[in-house]
Amino acid sequence: MIRTFVGIPLPGAVVRDLTAAQAGLPAGRAVAPENFHLTLAFIGEHPEPVIEDLHLALDRITGAGFQVSLAGAGLFGNKRPRVLYAGVRSGPELGRLREKVVQAARGAEIPLARERYTPHVTLARLNSGLSPEDAAELRDFAARRAGFSTAPFRIEGFALFRSTLGRNGAIYEALAKYPLDK
Ligand code: 3AM
């Protein structure tokens, strides 16, 4: 079984901005620079032949590259925050690309959970045992990052990532890359 997700790798300048935005994080585990990504769809665990079918379907996706920027910060999980994230500012192209990925997954007979898609880049993950004090500090931290933004950058492609869960967090490895504008 292979645990995978489809996501967009980020340019070096954006990774540097995200790393700077993590400075002074009061609690939680900061995402390592090499792990920053914008998730298009979490695929989950599937046998290798299913992932091979998914790869072929992803490879057939066409479309033009497009611009996005990152802006703002927030927490997923109100009372019990689980993720500190940077927001994404984009036109309709990002949602359309996500829809193509969802369709590709369906074509490979991978049913995805019907959940609302909120584009974001995870900055830090927070343990379930977070104290109310730490949660309050994190809310302050996110509020101070409300003005975070990156220069616009071009999405030139996306990738299928393997996610290997380990003791020190997940290790991501790009199994295949899919350029847009092809
Ligand atoms: O880093 P982000 O937030 O973009 O949270 C996981 C991560 O998203 C998410 O998939 C990305 C790569 O691991 N993820 C993990 N398990 C998930 C699940 N069961 C999940 N998303 C939805 N359902």
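You'll find the structure just up there.
Described in the following lines is the structure provided in the data block. Quantities reported herein were computed from a predicted structural model and do not represent experimental measurements.

So, on to the site of the ligand. Arg3, Phe5, His37, Thr39, Phe42, Glu115, His120, Thr122, Arg125 and Tyr172 make up every residue found near the ligand. Within the side chain of arginine 125, one N or O atom sits 2.7 Å away from an oxygen atom of the ligand. Against a free-state accessible area of 490 Å², the protein chains account for coverage of 69% of the ligand. Mapped onto the shell around the ligand, the elements with two or more residues apiece are strand S1 (2-9), strand S3 (37-46) and strand S6 (120-125).

The pairing of strands in a sheet happens through backbone hydrogen bonds and is either parallel or antiparallel. Taking strand neighbours across the sheet as the criterion, the 5 strands line up as S2-S6-S5-S4-S7 in an open arrangement whose pairing is antiparallel. Of all the strands in the sheet, the pair left with one neighbour each is strand S2 (29-30) and strand S7 (153-155). As defined by bridge partners, strand S4 (residues 66-76) adjoins S7 across 3 bridges and the pair is classed as antiparallel. The residue bridging glutamine 67 from the neighbouring strand is arginine 154, located in S7. Most of the contacts of helix H4 (residues 132-144) go to S4, to which it runs at about 150°, and overall it touches S4 and strand S5 (83-90).

Time to look at the pattern of salt bridges. Counted under the stated rule, the structure contains 2 salt bridges. Here arginine 154 ties to aspartate 181 by a salt bridge, and the two come within 3.3 Å at their closest N and O atoms. Of this pair, arginine 154 sits in strand S7 while aspartate 181 sits in the segment after strand S9 (169-179); the two residues are 27 residues apart in sequence, bridging distant segments of the chain. According to the relative accessible area criterion, arginine 154 is partly exposed, its value standing at 39%. Owing to a relative accessible area of 45%, aspartate 181 belongs among the partly exposed residues under this scheme. Between arginine 162 and glutamate 173 there is a salt bridge; the shortest N-O distance is 3.5 Å.

If you look at the biggest cluster of nonpolar residues, it comprises 52 residues, and the most contacted ones within it are Leu18, Ile43, Leu54, Leu58 and Phe158. Here this core takes 6 residues from helix H3 (residues 93-107), the largest share from any one element. Apart from residues no more than four positions distant in its own chain, leucine 58 is found in contact with Val6, Val101, Ala104, Phe158, Leu160 and Tyr178.

Remark: helix H2 (residues 48-59) packs on H3, axes separated minimally by 8 Å, with the N-to-C direction vectors making an angle of 140°. Our classification of the angle between H2 and H3 gives oblique. Between H2 and H3 lies a crossing of right-handed hand. Residue-level inspection shows Leu54, Ala57 and Leu58 of H2 in contact with H3, the latter providing Val101, Ala104 and Ala105.

Let us look at the sheet that holds S3. In spatial order, the strands read S3-S1-S8-S9; together these 4 strands make up an open sheet with antiparallel pairing. Edge positions in the open sheet fall to S3 and S9, since each of these has one partner strand only. Direction aside, the axes of adjacent strands within the sheet are offset by 25° on average. Pairing analysis gives 4 bridges linking S1 to strand S8 (residues 157-166), with the strands arranged antiparallel.

Right, let's get into unusual backbone geometry. In the Ramachandran plot, glutamate 109 falls in the positive-phi region, its phi being about 60° despite a non-glycine side chain. Its place among the elements puts glutamate 109 in the loop between H3 and S6. Residue classification places glutamate 109 among the exposed residues on the basis of a relative accessible area of 72%.

What counts as what
Residues numbered from 1 in each chain as written. Predicted model: local features only at pLDDT ≥ 70, side-chain atom pairs only at ≥ 80, totals over all residues. Heavy atoms only, no water. Near = heavy atom within 4 Å. Polar contact = N/O pair within 3.5 Å; in protein donor to acceptor, adjacent residues only side chain to side chain. Areas by Shrake-Rupley, 256 points an atom, 1.4 Å probe, with all protein chains shown as cover. Helix = DSSP H or I, 4+ residues; strand = E, 2+ residues; numbered from the N terminus. Pairing = 2+ DSSP bridges. Contact = heavy atoms within 4.5 Å. Axes fitted to C-alpha atoms, helices over the stretch in contact; angles between N-to-C directions. Salt bridge = Lys/Arg side-chain N within 4 Å of Asp/Glu carboxyl O. Buried < 20%, exposed > 50% of the residue type's maximum accessible area, 1.4 Å probe, protein only. Core = buried A, V, L, I, M, F, W, Y, C linked by side-chain atoms within 4.5 Å. Parallel < 35°, antiparallel > 145°, perpendicular 65-115°, else oblique. Left-handed = near helix turned anticlockwise from the far one by under 90°.

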